[in-house]
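Observations on chain architecture
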Amino acid sequence: MTWKQIIQNEKKKEYYQELEKFIDKRYTESTVYPQKENIFKAFSLCSFENLKVVILGQDPYHQKGQAQGLAFSTPKDIKNPPSMVNILKEIHSDIGCSICDDGDLTPLAKQGVLLINTILTVEDSAPKSHEKKGWEVFTDTIIKTISEHKSDIIFILWGAPALKKTKLIDETKHHILTAPHPSPLSSYRGFFGCKHFSQTNKILKSLNKEEIQW
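What comes next is a walk through the structure. (Residues numbered from 1 in each chain as written. Predicted model: local features only at pLDDT ≥ 70, side-chain atom pairs only at ≥ 80, totals over all residues. Heavy atoms only, no water.)

Taken together, the buried positions of helix α1 (residues 3–11) are occupied by Trp3, Ile6, Ile7 and Glu10. What you see down the axis of α1 is that its buried residues fit within an arc of 95°, all on one side. Buried positions along α1 lie against α2 (14–29), α3 (41–45), β3 (113–117) and α6 (135–149). (Buried < 20%, exposed > 50% of the residue type's maximum accessible area, 1.4 Å probe, protein only. Helix = DSSP H or I, 4+ residues; strand = E, 2+ residues; numbered from the N terminus. Arc of directions from axis to C-beta. Contact = heavy atoms within 4.5 Å.)

Following this line, the structure appears as C-alpha cells:
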C-alpha cells in the first residue's frame, strides 16, 4: 500500500470531488496556502512504508510564506511562528538540541514522521477558513488507514482537535501521546514538559527501530 493508492482512492469519492472544486476555485479567486503543489508534501516526504510517527496539527499557517505543506513547519528563511518556537523550546528542554532550529521540519519527515494538519489548506489571514469543506473526511481516512494497516505507530496529538482523533486509532496496536497545543495560548497548560520527543524515541528503541533525530 502507498499514499498514492490511498489518495487516488479518495479522489474518486463524491466528497473529495466537491472539495476539489472548492479548492480549485479558491486558489483562482483568493490567496491560499500552502502553494498548490505542496498540499500533499507531507506524504511525498514520508512514505507509508517508512512511517513511524504521526504529528497532527489543525490547519496550515495563514500568513505569507509560512506554510509549506508540513504541519508546524516553515521554510528556513522565515521567522519561526510562536507554535514552532515553543516546539523547539520543548525539544531543547527534553533532549538538549534540535536539528530543526530553523523551523524547517523536512528532516523529520524524511525520517518517518508524518506531519499533517486535519485541514490541508487555508486562506490568507483567515484561520480555519477551509474548515468543514471535506479535508477532515480526507484526513480522518488517512488516520484510520494508518491505524488499520500499520502497527506500533506513535501518534502525537496536540490540542483539542487532534485529541478528538483518538477514537480513530486502535490503541491496542499503536501508541498515543497527548498534550495541549504548543501555541502561546495553551503551551503552559501541559505542552511544556510533555517530553514527547524523548518518549517517542524510548518507544522506538523498545521496538528496535531507529530513533528520530529531532
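Continuing now.
Applying the stated criterion across every chain yields a total of one cavity of 30 Å³ or more. Roughly 50 Å³ of volume is contained in the largest cavity. Along its surface, the largest cavity is lined by Ile55, Phe72, Ile87, Ile91, Leu105, Leu108, Leu115, Trp158, Phe197 and Trp214. Counted by class, the lining of the largest cavity contains ten nonpolar, no polar and no charged residues. (1 Å grid on protein atoms, 1.4 Å probe; cavity = no way out; pocket = protein on both sides within 12 Å on 5 of 7 lines; lining within 4 Å. Points joined across faces, edges and corners; volume = space filled by probe spheres on them. Nonpolar A, V, L, I, M, F, W, Y, C, P; charged D, E, K, R; others polar.)

Right, let's talk about the pairing of strand β2 (residues 53–57) for a bit. In terms of burial, β2 is a largely internal element, five of the five residues being buried. Going residue by residue along β2, you find Val53, Ile55 and Gly57 tucked away on one face and Val54 and Leu56 tucked away on the opposite face as well. Pairing of β2 with β3 involves five bridges; the strand directions are parallel. Within β3, the residue paired with Val54 across the bridge is Leu114. (Pairing = 2+ DSSP bridges.)

On to the layout of surface pockets. Considering only enclosed or pocket space, the largest pocket measures out at about 630 Å³ in volume. As for the largest pocket, its lining consists of 36 residues, and the residues nearest its centre are Gln58, Asp59, Tyr61, Ser83 and His181. If you list the elements that add at least two residues to the lining of the largest pocket, you get α3, α4 (82–95), β3 and α7 (160–163). Among the elements that take part in the lining of the largest pocket, β3 stands out by supplying three residues, more than any other.

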